[in-house]
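# Chains, contacts and geometry: an overview
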Amino acid sequence: MTNCRKVKGHFNLLAISLCEYLEGNTQLVKEKKLLELGAGTGLVGIVVALLGAKTIDITERQFVLRSIKRNVKNNLPLDVSTKVFVKELDWGKNYQHFQPIYDVILGADVIYDVDTFPLLLQTIHHLVKSKTILLLANRIRYERDTNFFNQLKSFYKVTLVHYDKTRDVRVYVVKIKQYK
């Protein structure tokens, strides 16, 4: 049974797809400093902790944090849970409290509300630096989703690395463009 399947709770299908991708690509998380954006239930952060992340900051808005902390407590052994930090991050508002020190930033189903796009982009710009990898798992539901990725492409190299046909979920790697 995979780590993703062992975690107890109700989870977003896009988060499950991202977890399954990461389980097949553990080099992306093992011994890395990670941050999860808009964690929802915290599934992705929990799974990367189980996969050997050095540290994982699981972030979400304040009103969700208690639920994430409960999921972490219920699903991680104590020695693994010491690598996990549940923190408030409200896009575009308190991102300055986070230093851009992460090797990998994760987001599952974070592109859903057009009103949050500028705030999410502002947060991404702050956190993603030259060696950072941003992994986004999303469905392309509407034209606005395509528009968001087009905005991302004006600043970053965006590469589709996985397509989960059963859930219609795309996983993208986003990196700063390297200019020569």
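Placed above this text is the structure.
Everything numeric here is computed off the predicted structure, so don't read it as measured data. (Residues numbered from 1 in each chain as written. Predicted model: local features only at pLDDT ≥ 70, side-chain atom pairs only at ≥ 80, totals over all residues. Heavy atoms only, no water.)

### Observations regarding helix 7 (residues 143-153)
What helix 7 keeps buried is the set Asp 145, Phe 148, Phe 149 and Leu 152. Down the axis of helix 7, the buried set is contained in an arc of 95°. They therefore lie on one face. Against the buried residues of helix 7 lie helix 6 (117-127), strand 5 (133-138), strand 6 (156-164) and strand 7 (169-176). (Buried < 20%, exposed > 50% of the residue type's maximum accessible area, 1.4 Å probe, protein only. Helix = DSSP H or I, 4+ residues; strand = E, 2+ residues; numbered from the N terminus. Arc of directions from axis to C-beta. Contact = heavy atoms within 4.5 Å.)

### Remarks on the side chain of Arg 167
For Arg 167, the location among the structural elements is in the loop between strand 6 and strand 7. Only 3.3 Å separates the side chain of Arg 167 from the side chain of Ser 17, close enough to count as a polar contact. Polar contacts involving the side chain of Arg 167 include one to the side chain of Asp 164, which spans 2.8 Å. (Polar contact = N/O pair within 3.5 Å; in protein donor to acceptor, adjacent residues only side chain to side chain.)

### Section: unusual backbone geometry
Backbone geometry places Glu 31, a non-glycine residue, at a positive phi of 60°. Looking at the secondary structure, you find Glu 31 in the loop between helix 2 (13-23) and strand 1 (33-37). Positive phi, close to 60°, is recorded for Asp 109, a residue that is not glycine. By secondary structure assignment, the location of Asp 109 is in the loop between strand 4 (104-108) and helix 6. Residue classification places Asp 109 among the buried residues on the basis of a relative accessible area of 16%.

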